[in-house]
Amino acid sequence: QNLFDRDKATYWHSWYFHNNGQIEDKDMPPYEVDIEFPFAKWVGGIRYLPRQDVNNSGRRGYVEIYGSNDGEKYTKLGSDSYSYKDAKDKEARKTTFDEALVKFVKVRVLSGEGNFATGAELEIIKGKSSGEDPGAEVDRKEVVMLDTPKTYKATPITPKGYATA
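In this text the structure is predicted, and so the values were computed from the model without any measurement. Throughout, a residue's number is its position along its own chain's written sequence, starting from 1. Confidence filtering applies because this is a predicted model: local features only for residues at pLDDT of at least 70, side-chain atom pairs given and counted only at 80 or more, and all residues used for totals across whole chains, interfaces and linings. As a convention, hydrogens and water are excluded, and side-chain values are obtained from all of the structure's heavy atoms.

Focus on the nonpolar core
For our purposes a nonpolar core is just a set of buried Ala, Val, Leu, Ile, Met, Phe, Trp, Tyr and Cys residues, chained together by side-chain atoms within 4.5 Å. Note on classification: 1.4 Å probe, protein chains only; a residue is buried when its accessible area is under 20% of the maximum for its type, exposed when over 50%, partly exposed between these limits. Formed by 25 residues in total, the largest nonpolar core has its most connected members in I35, V105, L122 and I124. Within the residue set of this core, elements represented by two or more residues are strand 4 (31-49), strand 5 (60-68), strand 7 (93-112) and strand 9 (121-126). Strands are runs of DSSP state E lasting at least two residues, helices are runs of H or I lasting at least four, and both sets are numbered from the N terminus onward.

Structure (structure tokens):
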């Protein structure tokens with residue numbers, strides 16, 4: 001679960017198959033990361049940290065964020081376009097929206113460099129009504145990654161460059 005491991009040196013990557021230096025197959029956008037909390041939480045945004053290595057593949061271009069209380073009917077909470085000054089720009093991007101009380105959060109990645117999605121860290125930001133520290137991240141112990149079609153768990157990159165989903 002590298003997307004939620006608090007280690008900037010690790011990253012999650014969307015699925016692809018690499019053979020003798022050539023990409024033979026890969027999933028195409030949109031990509032989705034689904035998150036479930038044990039109970040509804042007030043959320044007010046996300047913070048995305050791109051992969052921190054020398055490769056810029058998959059830095060996110062356009063994202064949409066959705067929330068739900070039943071995991072079936074989702075409401076759009078916000079969207080954002082992430083642009084980068086140059087290849088050395090590895091700064092986090094933050095997207096805020098009107099807070100919502102939700103049990104599920106879906107982050108849909110509609111574009112990324114090379115038609116991939118990657119990320120070193122993804123944080124869900126607490127809403128003001130949480131009664132906790134608004135603007136801080138939701139405790140990662142309360143985040144559960146869901147395994148649904150075309151939705152990826154934050155999984156490690158295998159040693160030979162393959163990505164697992």
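Some details on the environment of R108
With respect to the helices, strands and loops of the structure, R108 is situated in strand 7. Between the C-alpha atoms of R108 and E32, which are 76 residues apart in sequence, the distance is 4.4 Å. Throughout, a residue-residue contact means that at least one pair of heavy atoms, one from each residue, lies within 4.5 Å. Setting aside chain neighbours within four positions, we find R108 in contact with P30, Y31, E32, Y62, V63, E64 and Y66. Engagement of the side chain of R108 in a polar contact is seen with the side chain of E32, the distance being 2.6 Å. Polar contacts here mean pairs of N or O atoms no more than 3.5 Å apart (in protein, one a potential hydrogen donor and the other a potential acceptor; neighbouring residues in sequence count only if both atoms are side-chain atoms).

Digging into the pairing of strand 5
Put simply, side chains in a regular strand alternate between the two faces of the sheet. Of all nine residues in strand 5, seven are buried, a share of seventy percent or more. Here eight bridges tie strand 5 to strand 7, and the two strands are oriented antiparallel to one another. Of the residues in strand 7, the one forming a bridge with G67 is V105. For two strands to count as paired, DSSP must find a minimum of two bridges between them. Pairing of strand 5 with strand 6 (residues 75-81) involves six bridges; the strand directions are antiparallel. Bridging across to strand 6, G67 finds its partner in T75. The antiparallel pairing of strand 5 with strand 6 creates a hairpin that spans six residues between the two strands, and G71 there sits at a positive phi of about 80°.

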